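Working through the structure, step by step
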Amino acid sequence: MAGPVRLYLASTSPARLATLRAVGIDPIALPSHVDEDAAVAGAGPLTPAQLVQLLARLKAEAVAAAGPGEGERFDGLILGGDSAFEIGGELHGKPHLPEVARERWHRQRGRSGVLHSGHWLIDARGGVGGRAVGGVSSTTVTFADDIDDEEIDAYIRTGEPLEVAGAFTIDSKGAGFITSVHGDPHTVVGLSVPLLRRLVGELGISWPDLWNR
């Protein structure tokens, strides 16, 4: 019998890595080094779904072009992903700065928004050049209405919300501020497991063939 199909993750996100490992997949994580701001600026007007799909594709393609390492070639699937949070008609990526994260939290507590997560999967079995498929998963997140300013400031001081879309997490300290999730909760982490399974199937691969843990 053939061994498991290797998955290359075009990301070094600890949350995406943990999600994949929890469902039995130990990927090879490779940074994509995509200039997201330049890519979005050059693309013209995009819907939230189009934006995360575009960046997911660019990340997967950047890793495919760079290769897995000197003297090596890909033999598996390359997965790119990107997320953005939509609330009140605005789209939010990573805040990066404490003051930006604080301003967002003051506006989003007690409200609901939609976390969009784009996925792009390249079939690189036997080398780059195979088929590619993509999709977007969107999940509604509602925040508690009794979050006080001291809690927000304490959360920001941890540094956790600065490098995640929407300035929050569901799998770490930010979980206590979320009252409900409507849709796939893995989407909020940045990788929809059900969507990934469907995309893997579209490439003619059985989901259990990725299990290597």
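Now for a look at the structure at hand.

Focus: the nonpolar core
By size, the foremost hydrophobic cluster in this structure holds 20 residues, and its most contacted members are Leu7, Leu77, Leu121, Leu196, Val200 and Leu210. The set of elements that each furnish at least two residues to this core consists of strand 1 (6-9), helix 1 (14-22), strand 3 (76-87) and helix 7 (193-202). Beyond its immediate stretch of four places on either side in the chain, Leu7 contacts Leu20, Ile25, Pro27, Ile28, Leu77, Leu79, Leu121 and Leu210. Val141, Ala144, Ala165 and Ala167 belong to the second-largest nonpolar core, a separate cluster that totals 19 residues.

A short note on the side chain of Ser32
Structurally, Ser32 can be placed in the loop between strand 2 (28-29) and helix 2 (36-43). Non-local contacts of Ser32, meaning those with residues more than four positions away in its chain, are made with Ala10, Lys59, Ala62 and Val63.

Considering helix 1
The set of residues buried in helix 1 consists of Ala15, Arg16, Leu17, Thr19 and Leu20. As for helix 1, its buried residues are in contact with strand 1, strand 2, strand 3, helix 6 (185-189) and helix 7. Gly24 sits one or two positions beyond helix 1 and adopts a positive phi of about 95°.

Remarks on helix 3 (residues 48-66)
Its 19 residues give helix 3 an end-to-end C-alpha distance of 27 Å, which sits within 8% of 27 Å, the value for a rise of 1.5 Å per residue. Phi for Gly67, located one or two positions after helix 3, is positive at around 90°.

Analysis parameters
- Residues numbered from 1 in each chain as written.
- Predicted model: local features only at pLDDT ≥ 70, side-chain atom pairs only at ≥ 80, totals over all residues.
- Heavy atoms only, no water.
- Core = buried A, V, L, I, M, F, W, Y, C linked by side-chain atoms within 4.5 Å.
- Buried < 20%, exposed > 50% of the residue type's maximum accessible area, 1.4 Å probe, protein only.
- Helix = DSSP H or I, 4+ residues; strand = E, 2+ residues; numbered from the N terminus.
- Contact = heavy atoms within 4.5 Å.
- Expected span 1.5 Å × (residues − 1).

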